[in-house]
Each structure stands twice: as structure tokens, then as C-alpha cells.
Amino acid sequence: QVQLVESGGGLVQAGGSLRLSCAASGRTPSRYAMGWFRQAPGKEREFVAAISWNGGITNYADSVKGRFTVSRDNAKNTEYLQMNSLKSEDTAVYYCAASRAIGVVSTHRGYDYWGQGTQVTVSS
């Protein structure tokens, strides 16, 4: 099994930045796609960003394009989400996910492993 642990969440003012990290451990596949989702109170979990196994392909939700950047360091089995120009509507619990697929995956059911989530709160 694969374990994912998110970190880097916190409280930030609107217009500020945060970088989330997701460390993978356990029996990780040799190649796997990764992504980020978020869930606000009273809302369903929504797709944020995804990255292919080698980082060559990325995909973003329209709501975060131009502001968020997803990356990964396979030597460290770690995925990152750089969040800039944060807005109050970005407030949510952010979840890291991993898929046995190689290419980018943008749907909730396309992922096999999930982290516990980290809270991001943007004040206005």
C-alpha cells in the first residue's frame, strides 16, 4: 500500500502564497501519476491539478490556472502545489492523491491513494 502525507497548509491573507507538499511512502509503483483535490465546507471534493509520472504533462482546473503550479520530485517521492495570488474561495482542505496510471488523471475515481488532507484558509 501507498501512504501519502500532506503538509504546508495554514492561514494566509488574500493575494499571498503557500506551497503544499505531499510525501509518498510504502510500496509505491515504479511510475505513477499524482494530483491535488480540495474540499470546502458543504461542497464536494473538486479537482485542482494533476501531473504525469515524469512531470512532463500537467493539468489544472480553470479556477486555478495561472495561479497554481503542480510539480514533483521523484527522487524524493514528493509532489508539490505552489499556490500564488490566493483568494478567499481557495479556502478548503487540500488532498494529495496518487494513481497507478502514468498519464495525468483529473477525476476523483481515477486515483487509488489519498492523503489525510491539509487545511488552507485564505482571509479577506
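About the thresholds
- Counting restarts for each chain, with residues numbered from 1 along the sequence as it is written.
- Residues qualify for local features only when their pLDDT is at least 70, as the model is predicted, and side-chain atom pairs are given and counted only at 80 or more; totals for whole chains, interfaces and linings, by contrast, use all residues.
- For the side-chain quantities, the full set of heavy atoms in the structure was used; hydrogens and water were omitted.
- Salt bridge criterion: a side-chain nitrogen from Lys or Arg within 4 Å of a carboxyl oxygen from Asp or Glu.
- Helix numbers and strand numbers start at the N terminus; a helix is a DSSP run of H or I with at least 4 residues, a strand a run of E with at least 2.
- When a residue's accessible area, from a 1.4 Å probe over protein chains only, is under 20% of the maximum for its type it is buried; when over 50% it is exposed; and in between it is partly exposed.
- Residue types Ala, Val, Leu, Ile, Met, Phe, Trp, Tyr and Cys, when buried and joined through side-chain atoms within 4.5 Å, form a set referred to as a nonpolar core.
- Throughout, a contact is declared for two residues whenever any of their heavy atoms are within 4.5 Å.
- Note on pairing: two strands pair once DSSP finds at least 2 bridges between them.

1. Here we look at the pattern of salt bridges
(1) Moving on: Applying the stated rule across the entire model yields 5 salt bridges.
(2) Moving on: Here Asp 90 and Arg 38 are joined by a salt bridge, their closest N and O atoms 2.9 Å apart. Residue Asp 90 is located in the loop between strand S8 (78-83) and strand S9 (92-99), and its partner Arg 38 is located in strand S4 (residues 33-39); the two are separated by 52 residues in the primary sequence. Here Asp 90 matches Arg 38 in class, with each residue buried.
(3) Moving on: For Asp 90, the salt bridge goes to Arg 67, with nearest N and O atoms at 2.7 Å. Taken together, the positions of Asp 90 in the loop between S8 and S9 and Arg 67 in the loop between strand S6 (58-60) and strand S7 (68-73) put the pair 23 residues apart, joining distant regions of the chain.
(4) Moving on: A relative accessible area of 1% means that Asp 90 is categorised as buried.
(5) Moving on: The class of Arg 67 is buried, set by a relative accessible area of 10%.

2. With respect to unusual backbone geometry
(1) Moving on: Backbone geometry at Asn 77 places phi at a positive 50°, although glycine is not the residue there.
(2) Moving on: Counting through the fold element by element, Asn 77 comes out in the loop between S7 and S8.
(3) Moving on: The class of Asn 77 is partly exposed, set by a relative accessible area of 25%.
(4) Moving on: One non-glycine residue with positive phi stands out, namely Ser 85, at about 50°.
(5) Moving on: The topology assignment puts Ser 85 in the loop between S8 and S9.

3. Concerning the nonpolar core
(1) Moving on: Leu 4, Leu 81, Met 83 and Tyr 94 are the most contacted members of the largest nonpolar core, which totals 35 residues.
(2) Moving on: If we skip the residues at most four places from it in the chain, Met 83 touches Gly 16, Ser 17, Leu 18, Leu 20, Arg 67, Phe 68, Tyr 94 and Val 120.

4. Digging into the side chain of Ser 21
(1) Moving on: With respect to the secondary-structure elements, Ser 21 resides in strand S3 (residues 18-26).
(2) Moving on: Those residues in contact with Ser 21 that sit more than four places away from it in its chain are Val 5, Glu 6, Ser 7, Trp 36, Thr 78, Glu 79 and Tyr 80.

5. Some remarks on the pairing of S3
(1) Moving on: In the sheet, strand S1 (residues 2-7) pairs with S3 via 6 bridges, with the strands oriented antiparallel. Note that in S3 the partner of Gln 3 across the bridge is Ser 25.
(2) Moving on: Where S3 lies against S8, 6 bridges are found, and the strand directions are antiparallel. Bridge pairing in S8 links Leu 20 to Leu 81.

6. Side note on the pairing of S7
(1) Moving on: Side chains of S7 alternate between two faces, with Phe 68, Val 70 and Arg 72 buried and Thr 69, Ser 71 and Asp 73 left unburied.
(2) Moving on: With 6 bridges joining them, S7 and S8 adopt antiparallel strand pairing. Among the inter-strand pairings, Val 70 is bridged to a residue of S8, identified as Leu 81.
(3) Moving on: Hairpin remark: S7 followed by S8, antiparallel, with 4 residues in the connecting loop; positive phi at Asn 77, about 50°.

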